[in-house]
Amino acid sequence: MMGKPITGRSFGGCVRYVVNKPEAKILSAEGVRMQNANAMIQDFNLQRKMRPELGKAVGHLVLSWSKEDLLKLSDDIMIQRAKEYMENVGIRDTQYVIVRHSDRAHPHLHLIYNRVDNNGKTISDKNNFAKNVKACKEITLKYGYHIGEGKDLVNRQALKGKEKTRYEMYDAIKAGMKTATTWKQLEAQLARQGITIDYKFRSGTNEVQGISFAKGKIKMKGSAIDRSLSFARIDATLNRNQQVQQYHAAREANQPFVANQLRDSIRQSVQGEYRHNPIVGKGILEALLEPQFVAGPPDPMGDADIARRKRKKHEAEHSQSQGISR
């Protein structure tokens, strides 16, 4: 199950879009009349008047499942899952309407709710993304719903603003990680797409503690773009790519002992990352070691150059902070 939380300003536009579609089916409602879109809009707007200063009072959520889950999702079950989701993310004591659509191959519903609750208080939209991911994951695992391929299934053309940039960075970083063997190579690949990397160092050391990516005015931590894009996980992938390259070189040089050592090291790395799914790990290992796998060209000076630049940056920042403290 996947969720897409949205906030907006107009109940009119949102309700008409969701309710007036030919295939729309109203499953449940609370605090609003169900007979038509106009009645719903009036009821939502009436309660909204308790907080006139709240610009974005419209809460809109799309909950989607894989088409493999279709037989598990009756209308009643979808209502239960929507209510469970609302409880998990803190949408309580407010007006809402749950509407099922059937215009796509995968089952999905729209939930419209009032961010002004029944007592005139505002339902927070802080950390909406993180709360959404957590709730969807819990419900998916609890009821055994199909787990798709995550971001690879997201329709990029439908994205706007920060989310669009986030997925552009995700796609570029993932593509770079397939071939780069050093951070310098990855930096160069991303720079061609207007993406820069910023390293965060542990206080008083040259040890990298975290990483952020920026494109235009948008800057995000790697782990906020995707959990797989933390510094540690990217670094492990780059190191593994380098080992795979060395493995092929050893095979070509007829050095079976070296090749076998590298293969064992790569196997441990893959199995460590996919320790809960060894079958998947084994498949990835075999794919990496296929002869057609081509990593980036060797760059023995890359890591040293990166370390030198990081050290200079850290020293400059340290000197600047000392000057300010004086």
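Residues numbered from 1 in each chain as written. Predicted model: local features only at pLDDT ≥ 70, side-chain atom pairs only at ≥ 80, totals over all residues. Heavy atoms only, no water.

1. Here we look at the confidence of the model for the protein
Okay, step 1: For the protein, the mean per-residue pLDDT works out to 83, and 79% of the residues sit at or above 70.
Okay, step 2: The model gives residues 276-284 a pLDDT under 50, and that stretch makes 5 contacts with residues more than four places away or in other chains.
Okay, step 3: Confidence drops under a pLDDT of 50 for residues 291-306, and excluding neighbours within four residues, the segment shows 32 contacts in the predicted structure. (pLDDT = per-residue confidence, 0-100. Contact = heavy atoms within 4.5 Å.)

2. Notes on the environment of Ala 37
Okay, step 1: Within the secondary structure layout, Ala 37 lies in helix H2 (residues 37-48).
Okay, step 2: With a relative accessible area of 6%, Ala 37 lands in the buried category.
Okay, step 3: Distance in space between the C-alpha atoms of Ala 37 and Tyr 17 is 9.4 Å, their sequence separation being 20 residues.
Okay, step 4: Residues within four places of Ala 37 in sequence aside, it is in contact with Val 15, Val 19 and Asn 20. (Helix = DSSP H or I, 4+ residues; strand = E, 2+ residues; numbered from the N terminus. Buried < 20%, exposed > 50% of the residue type's maximum accessible area, 1.4 Å probe, protein only.)

3. Considerations on the pattern of salt bridges
Okay, step 1: According to the stated counting rule, one finds 14 salt bridges in the structure shown.
Okay, step 2: In this structure, the salt-bridge partner of Lys 215 is Glu 168, at a minimum N-O distance of 3.1 Å. Of the two residues, Lys 215 is situated in strand E7 (residues 208-215) and Glu 168 in helix H5 (residues 161-177); the sequence distance between them amounts to 47 residues.
Okay, step 3: With a relative accessible area of 31%, Glu 168 lands in the partly exposed category.
Okay, step 4: Each of Lys 25, Asp 75 and Arg 100 takes part in a single network of salt bridges with overlapping partners. (Salt bridge = Lys/Arg side-chain N within 4 Å of Asp/Glu carboxyl O.)

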